[in-house]
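Single-letter residue listing:
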Amino acid sequence: MTHQQTNGGESRLERGRRALADIDGEAGAKVIDALADIAPDFATYLFEFPFGDIYSRPGLDLRAREIATIAALTALGNATPQLKVHIEAGLNVGLTREEITEVIIQMAVYAGFPAALNGLFACKEVFARQPPEAAERGAG
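As the structure is a computational prediction, the values presented were derived from the model and not from experiment.

Rules used throughout
- Residues numbered from 1 in each chain as written.
- Predicted model: local features only at pLDDT ≥ 70, side-chain atom pairs only at ≥ 80, totals over all residues.
- Heavy atoms only, no water.
- Salt bridge = Lys/Arg side-chain N within 4 Å of Asp/Glu carboxyl O.
- Helix = DSSP H or I, 4+ residues; strand = E, 2+ residues; numbered from the N terminus.
- Buried < 20%, exposed > 50% of the residue type's maximum accessible area, 1.4 Å probe, protein only.
- Phe/Tyr/Trp six-rings, centres within 6.5 Å; stacked < 30°, edge-to-face > 60°.
- Axes fitted to C-alpha atoms, helices over the stretch in contact; angles between N-to-C directions.
- Parallel < 35°, antiparallel > 145°, perpendicular 65-115°, else oblique.
- Left-handed = near helix turned anticlockwise from the far one by under 90°.
- Contact = heavy atoms within 4.5 Å.
- Nonpolar A, V, L, I, M, F, W, Y, C, P; charged D, E, K, R; others polar.
- 1 Å grid on protein atoms, 1.4 Å probe; cavity = no way out; pocket = protein on both sides within 12 Å on 5 of 7 lines; lining within 4 Å.
- Points joined across faces, edges and corners; volume = space filled by probe spheres on them.
- pLDDT = per-residue confidence, 0-100.
- Core = buried A, V, L, I, M, F, W, Y, C linked by side-chain atoms within 4.5 Å.

As a further point, take the pattern of salt bridges. The final tally for this structure, using the stated rule, is seven salt bridges. Between R12 and E48 there is a salt bridge, and its shortest N-O distance comes to 3.9 Å. One end of the pair, R12, is in helix α1 (residues 12-35); the other, E48, is in helix α2 (residues 40-54), and 36 residues separate them in sequence. The residue R15 makes a salt bridge to D53 at a minimum N-O spacing of 3.5 Å. Placement of R15 in helix α1 and of D53 in helix α2 is noted, with a sequence separation of 38 residues between them. Accessibility expressed as a relative area gives 24% for D53, which makes it partly exposed.

The structure is reproduced here in structure tokens:
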């Protein structure tokens, strides 16, 4: 049942692989590759559940889903590597640098200043790695 077929014939795994590529691009592929030698089954779980089931649901577009994800990971305060991946994903799905920064600043109210500061420093790292043309696209 793990690779259950959907109405269109696409399995959860196939749908998840497609969604991860569309959302996270290279950053998502690096996470999956890093799991290959220690927990390949966990990589399959990541494809199927978060991306094949949740991210693929109707009701929210990918921009809204990434706003929620960036907010949640910032609020957790202990998920900086995942936050960086999702900051990149936010840029990939059309969020601007300003929108991402504002989401993280908003978390100071609900998660505290330390969590927001950590999120902003993660943001700064991701933005610094972006090529100049991506920075212009994400500038607003």
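We are not done yet, so read on.
Applying the stated criterion to the full structure yields two aromatic pairs. A ring pair is formed by F42 and Y45, whose centres lie 6.4 Å apart and whose planes are at 80°; its orientation type is edge-to-face. Of this pair, F42 and Y45 both sit in helix α2, three residues apart, roughly one helical turn. Judged by relative accessible area, which is 48%, Y45 ranks as partly exposed. Ring geometry for F51 versus Y55: centroids 4.8 Å apart, planes at 15°, classification stacked. Taken as a pair, F51 and Y55 share a single burial class, namely buried.

What follows deals with the packing of helix α3 (residues 62-76) against helix α4 (residues 80-92). Direction vectors running N to C along α3 and α4 enclose 160°, while the axes themselves pass 9 Å from each other. With respect to α4, the axis of α3 lies roughly antiparallel. Along this stretch, α3 crosses α4, giving a crossing that reads as left-handed. Here E66, T69, I70, L73 and T74 of α3 come into contact with α4, specifically with Q82, L83, H86, I87, A89 and G90. Split by residue class, the contact of α3 with α4 holds five nonpolar, five polar and one charged.

Below, the discussion takes up empty space enclosed by the protein. Under the defined criterion, the tally for this structure stands at one cavity of 30 Å³ or more. Each pocket or cavity is described by its volume, and for the largest cavity that value is around 40 Å³. Surrounding the largest cavity, L73, T74, G77, N78, A79, T80, L83, A115, N118 and G119 form its lining. Secondary structure elements with two or more residues in the lining of the largest cavity: α3, α4 and α6 (113-129). Among the elements that make up the lining of the largest cavity, the one with the highest residue count is α6 (three residues). Classifying every residue of the lining of the largest cavity by side-chain character gives four nonpolar, six polar and no charged.

Moving on, we get to the confidence of the model for the chain. Per-residue pLDDT for the chain averages 87, and the proportion of residues at 70 or more is 88%. Within the chain, the element-level pLDDT minimum falls on helix α7 (residues 132-137), averaging 56, and the maximum on helix α5 (residues 97-111), averaging 98.

Attention now goes to the nonpolar core. Counting 16 residues, the largest nonpolar core has I70, L83, I87, I100, I104, C123 and F127 as the members making the most contacts within it. Secondary-structure elements contributing two or more residues to this core are α3, α4, α5 and α6. With residues near it in sequence (within four places) discarded, I87 still touches I70, I100, I104, G119, A122, C123, V126 and F127. Membership of the second largest hydrophobic core comes to 12 residues, among which are L13, I32, L35 and F51.

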